[in-house]
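Summary of the model geometry
In case you want the letters, here they are:
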Amino acid sequence: MTTGSLNAAPHAAHGAPPLPEARGPLSAAVRTALLHAPPPEDLPSAGAADPFGEDLQLALYLAYELHYRGFAGVDEAWEWQPDLLRLRAALEDRFLGALREAVPGGADVAAELDALLVEPLDAPGVSHHLRSRGTWGQLREYLAHRSLYQLKEADPQAWLIPRLTGQAKASLVAVEFDEFGAGHGDRVHARLFAEAMAGAGLDPGYGRYVDRAPAETLATVNLMSLLGLHRSLRGAMAGHFAALEITSSPGARRLAQALERLDAEPRCVRFFTEHIEADAVHEQLMRRDVIGGFLAEEPEQAPAVVFGIQATGYLDVRWSDRLLGAWAADRPSLRLPLCGG
């Protein structure tokens, strides 16, 4: 890679987290490039890496985070460095191809959205486990996992705004307005989540738990960045965001009940109670106005919307299996155990 303006002294953005440790040759190459010099010419091929594995997912995460808050000690000019973007594109192709192979596809958006509203009484989800029998330690792990997204909640989805028109755009902005506190800084959802983390004895700093987060967690966040950054994937991003909002309210209710059962501080519960009512309204806006309005303008995007919904669900199941499997075996679900609590 050529450095160009990257020879200037690096400067960290306000609140930028430290670079996480590498997990293989791809993430090591990206990390080395960001901190020191271009990686060697024999950069490992993205095609040889597990598309859902630790190394590729961390390499993608490192590249994507340059569009958010960056990393301490990394020059901001890396965000649009051409060689890094070429490597990122190869990683994205590998990840996106694997997702397309993993989901059934289709074009029936209404059926996919309807399915999100149907939940078996014995559903084995993470929030169900935490509500009924989860431990305080498991709840703290849950918060650490989710912090990778929740501390920038709705930022990736904001990239969809300039790609919509009319009612779809207006309704998406209404949803995002709520996510960003409806004009009140103390009600921004990312801030509420940081307060919940602090109440649980966790570090609320942005990106502080990346090193502990497994590939399954990274993949759920990387999907948002992937879909948000590419206009060609706007339909998939619309489907993804709809899936998040439709499934959020019931899960938030269960998590609030879990925290109350374990006598958590009120600030831990507030983030989830805020989502119970808000996301119930968002569900209707996303389904009727955003998805409906978008498909009225671009009906050919129906398969892309379906893919976004299915890919979101597929990665969520992988993530859920990781957590529930670890907890069933009485071991941490994170790569490294949490301190305290």
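Residues numbered from 1 in each chain as written. Predicted model: local features only at pLDDT ≥ 70, side-chain atom pairs only at ≥ 80, totals over all residues. Heavy atoms only, no water.

The next subject is the overall build of the protein. Across its full length, the protein carries 13 helices and zero strands. In the protein, the order of α-helices and β-strands from amino to carboxyl end is α-α-α-α-α-α-α-α-α-α-α-α-α. For the protein, whose C-alpha radius of gyration is 20 Å, the value lies close to the compact-globule estimate of 20 Å for 341 residues. The dimensions of the protein, computed from C-alpha atoms along their principal axes, are 55 × 50 × 40 Å. Of all 341 residues assigned to the protein, the portion counted as buried reaches 53%. (Helix = DSSP H or I, 4+ residues; strand = E, 2+ residues; numbered from the N terminus. Rg over C-alpha atoms; globule rule 2.2 N^0.38 Å. Buried < 20%, exposed > 50% of the residue type's maximum accessible area, 1.4 Å probe, protein only.)

Once that is clear, we can look at unusual backbone geometry. Its identity as a non-glycine residue notwithstanding, Ala182 has a phi of 50°, on the positive side. Examined against the element boundaries, Ala182 turns out to sit in the loop between α8 (166-179) and α9 (189-199). The phi dihedral of Asp330 is positive, around 60°, even though this residue is not glycine. Along the polypeptide, Asp330 turns up in the segment after α13 (302-328).

Moving on, we come to the packing of aromatic side chains. For the structure on display, the rule yields seven aromatic pairs. Look at Tyr142 and Trp319: their rings are 6.0 Å apart centre to centre, the planes differ by 65°, and that puts the pair in the edge-to-face class. Here the residue Tyr142 occupies a position in helix α6 (residues 136-150), and Trp319 occupies one in helix α13, the gap between them amounting to 177 residues. Per residue, the accessibility class of Tyr142 equals that of Trp319, and both read buried. Between the aromatic rings of Phe271 and Phe272, the centroid separation amounts to 5.0 Å while the plane-to-plane angle is 90°, which identifies the pairing as edge-to-face. Grouping residues by exposure puts Phe271 and Phe272 together as buried. (Phe/Tyr/Trp six-rings, centres within 6.5 Å; stacked < 30°, edge-to-face > 60°.)

Turning next to the confidence of the model for the protein. In this model, the protein carries a mean pLDDT of 91, and residues with pLDDT of at least 70 account for 91%. Ignoring residues within four places in sequence, the model shows residues 1-14, a span with pLDDT below 50, making 31 contacts including any to other chains. (pLDDT = per-residue confidence, 0-100. Contact = heavy atoms within 4.5 Å.)

Let us look at the nonpolar core. Nonpolar side chains in soluble globular proteins tend to end up buried together. Counting residues in each nonpolar core, the largest one holds 101 residues, and the members touching the most others are Phe95 and Phe272. Considering each element in turn, this core owes the most residues, twelve residues, to helix α11 (residues 234-261). Apart from the residues lying within four places of it in its own chain, the contact partners of Phe95 are Pro51, Phe52, Leu56, Gln57, Leu60, Ala219, Asn222, Leu223, Leu226 and Leu315. (Core = buried A, V, L, I, M, F, W, Y, C linked by side-chain atoms within 4.5 Å.)

Orientation of helix α10 (residues 215-229) relative to α11, taken along the N-to-C sense of each, is 140°, at an axis distance of 8 Å. Comparing their axes, α11 and α10 come out oblique. Across the interface between the two elements, Leu223, Met224, Leu227 and Gly228 from α10 touch Ala236, Met237, His240 and Leu244 from α11. (Axes fitted to C-alpha atoms, helices over the stretch in contact; angles between N-to-C directions. Parallel < 35°, antiparallel > 145°, perpendicular 65-115°, else oblique.)

Moving on: α10. Residues spaced three or four apart along an α-helix point in a common direction, a consequence of the helix completing one turn every 3.6 residues. For α10, which comprises 15 residues, the first-to-last C-alpha distance of 20 Å matches the rise-based estimate of 21 Å (1.5 Å per residue) to within 8%. Within α10, 15 of the 15 residues are buried, leaving the element largely enclosed by the surrounding structure. (Expected span 1.5 Å × (residues − 1).)

What follows deals with the packing of α6 against α13. For the pair α6 and α13, the least separation of the axes is 12 Å and the interaxial angle reads 150°. In terms of axis orientation, α6 runs roughly antiparallel to α13. In this structure, the crossing between α6 and α13 has a hand that is right-handed. Along the contact surface, α6 presents Gln138, Glu141, Tyr142, His145 and Arg146, while α13 presents Asp316, Trp319, Leu323 and Trp327. (Left-handed = near helix turned anticlockwise from the far one by under 90°.)

To continue, consider the state of the cysteines. Here a disulfide denotes a covalent bond joining the sulfur atom of one cysteine to the sulfur atom of another. For the structure shown, the criterion picks out zero disulfides. Cys268 carries a free sulfur, and the closest cysteine sulfur to it, the one in Cys339, is 18 Å from it. In this structure Cys268 comes out as buried when scored by relative accessible area, which is 1%. The exposure class assigned to Cys339 is exposed, which follows from its relative accessible area of 60%. (Disulfide = S-S within 2.5 Å.)

We now examine the side chain of Arg23. Note on placement: Arg23 falls in the segment before α1 (25-35). Classification of Arg23 by relative accessible area gives buried; the value is 14%. There is a polar contact of 2.7 Å between the side chain of Arg23 and the backbone oxygen of Val210. Here the side chain of Arg23 touches Ala213 through a polar contact of 2.9 Å, landing on its backbone oxygen. If we skip the residues at most four places from it in the chain, Arg23 touches Glu54, Asp55, Leu58, Val210, Asp211, Ala213, Pro214, Ala215, Leu218 and Arg335. (Polar contact = N/O pair within 3.5 Å; in protein donor to acceptor, adjacent residues only side chain to side chain.)

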